[in-house]
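# A structural walkthrough
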Amino acid sequence: MSALVAAMLTVGTTMVMAQSEAPNDAQIAGIVVAANTVDINAGKVAKSKSHNKEVKEFAQRMITDHSGVNKQAVALVTKLHVTPEDSATSKSLKDGGVANLKHLGTLKDTAFDKAYIDNEVTYHQAVLDAIDKTLLPSAQNAELKDLITKVRPAIDAHLQHAKEIQASMK
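Keep in mind it's a predicted model, so treat the numbers as computed, not measured. (Residues numbered from 1 in each chain as written. Predicted model: local features only at pLDDT ≥ 70, side-chain atom pairs only at ≥ 80, totals over all residues. Heavy atoms only, no water.)

### Section: the pattern of salt bridges
In the structure shown here, the tally under the stated rule is seven salt bridges. Between Asp86 and Lys94 there is a salt bridge, and its shortest N-O distance comes to 2.8 Å. With a closest N to O distance of 3.1 Å, Asp146 and Lys150 form a salt bridge. On the criterion of helical spacing, the pair formed by Asp146 and Lys150 is a turn pair, its members being four residues apart in helix H6 (residues 142–168). On the basis of relative accessible area, Asp146 is assigned to the partly exposed category, the value being 34%. (Salt bridge = Lys/Arg side-chain N within 4 Å of Asp/Glu carboxyl O. Helix = DSSP H or I, 4+ residues; strand = E, 2+ residues; numbered from the N terminus. Buried < 20%, exposed > 50% of the residue type's maximum accessible area, 1.4 Å probe, protein only.)

### Thoughts on the packing of helix H4 (residues 88–105) against helix H5 (residues 109–138)
Working note: a packed helix pair is described by the angle between its axes plus the distance between those axes. In contact at an axis separation of 10 Å, H4 and H5 are set at 165 degrees when each is read in the N-to-C sense. Here H5 runs roughly antiparallel to H4, going by the angle between their axes. When the axes of H4 and H5 are compared, the crossing they make is right-handed. For the pair formed by H4 and H5, the contact residues are Leu93, Asn100, His103 and Leu104 on the first element and Phe112, Ala115, Tyr116, Asn119 and Tyr123 on the second. (Axes fitted to C-alpha atoms, helices over the stretch in contact; angles between N-to-C directions. Parallel < 35°, antiparallel > 145°, perpendicular 65-115°, else oblique. Left-handed = near helix turned anticlockwise from the far one by under 90°. Contact = heavy atoms within 4.5 Å.)

### Concerning the packing of aromatic side chains
Going through the model one piece at a time under the given rule, you end up with two aromatic pairs. With a centroid separation of 6.2 Å and an interplanar angle of 70 degrees, the aromatic rings of Phe58 and Tyr116 are classed as edge-to-face. Note that Phe58 is positioned in helix H3 (residues 53–79) and Tyr116 in helix H5, a separation of 58 residues in sequence. A ring pair is formed by Phe112 and Tyr116, whose centres lie 6.3 Å apart and whose planes are at 0 degrees; its orientation type is stacked. Here Phe112 pairs with Tyr116, and both are found in helix H5, just four residues apart, close to one helical turn. Residues Phe112 and Tyr116 agree in their burial class; the two are buried. Joined through ring pairs, the aromatic side chains of Phe58, Phe112 and Tyr116 make up one cluster. (Phe/Tyr/Trp six-rings, centres within 6.5 Å; stacked < 30°, edge-to-face > 60°.)

Note that all results are geometric; they support no functional claim without further evidence.
In structure tokens form, the structure reads like this:
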């Protein structure tokens, strides 16, 4: 297992366990924005570095979809007069995203494509686990919970799409 995959699995575990207490709505908003931003940044790197049409198209989908979710999340917290708060989980996500970008920066060609897609599989699974085990059970505001519930199928679709690309690379 590569160091990056181990790091991302750690991030996934941290997303679920980083806080000894359930996150409040402001922290959940911070986690949602951080998770989306990490994937947007990775997608931008993949779109510019990859020479694989399928990987580039997937990266663009990540940029588009996760930017849309962040826009919705920011609009909702603005409406609710809630400021997204950093937490151990959002900080862990940001740190993991930086480590991933650093690692991806050292790779090229098929090694880059494989590392990017492997990370997308790991990352989207970790996000789904966090949604199911932490974010949805902890969200107090009905509109925030509704937003997370509405985006969950898209996160799952991203995971399935990444798995398909991953399988085609073997």
